[in-house]
Amino acid sequence: MRRSAAGRWGRPVRLDGVDPKTRNRIMAGALVLMFVVVAVAAAVGR
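A brief look at the structure comes next. Every value quoted in this text rests on a predicted model; they were computed, and no experiment measured them.

1. Concerning the overall build of the chain
The helix and strand tally for the chain stands at one helix and zero strands. Expressed as a percentage of its 46 residues, the buried residues of the chain come to 0%. Of the roughly 4800 Å² of accessible surface on the chain, 63% is carried by carbon and sulfur atoms.

2. Quick notes on a nonpolar patch on the surface
Nonpolar side chains collect at one region of the surface, where Val 32, Val 36, Val 40 and Val 44 lie side by side and expose about 360 Å² of accessible area between them. Tracing the backbone shows Val 40 in helix 1 (residues 20-44). We classify Val 40 as partly exposed; its relative accessible area is 47%.

What counts, and at which threshold
Residues numbered from 1 in each chain as written. Predicted model: local features only at pLDDT ≥ 70, side-chain atom pairs only at ≥ 80, totals over all residues. Heavy atoms only, no water. Helix = DSSP H or I, 4+ residues; strand = E, 2+ residues; numbered from the N terminus. Buried < 20%, exposed > 50% of the residue type's maximum accessible area, 1.4 Å probe, protein only. Areas by Shrake-Rupley, 256 points an atom, 1.4 Å probe, with all protein chains shown as cover. Patch = residues over 30% accessible without salt bridge, like charges linked within 9 Å, V, L, I, M, F, W, Y side chains within 5 Å. Salt bridge = Lys/Arg side-chain N within 4 Å of Asp/Glu carboxyl O.

Function-wise, these values are silent; they only describe arrangement.
The following block contains the structure:
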């Protein structure tokens with residue numbers, strides 16, 4: 001399967017025009033969300 005640079009919903013994810021502080025908050029939030037998903041998956045998988 002070929003993957004493009006677009007996001008999951010077909011729109012390219014562009015954070016170029018975003019304020020650096022806001023971009024850092026978005027990236028930190030995404031990282032925390034990934035950790036939460038992994039932790040929940042590990043807890044459910046037991």
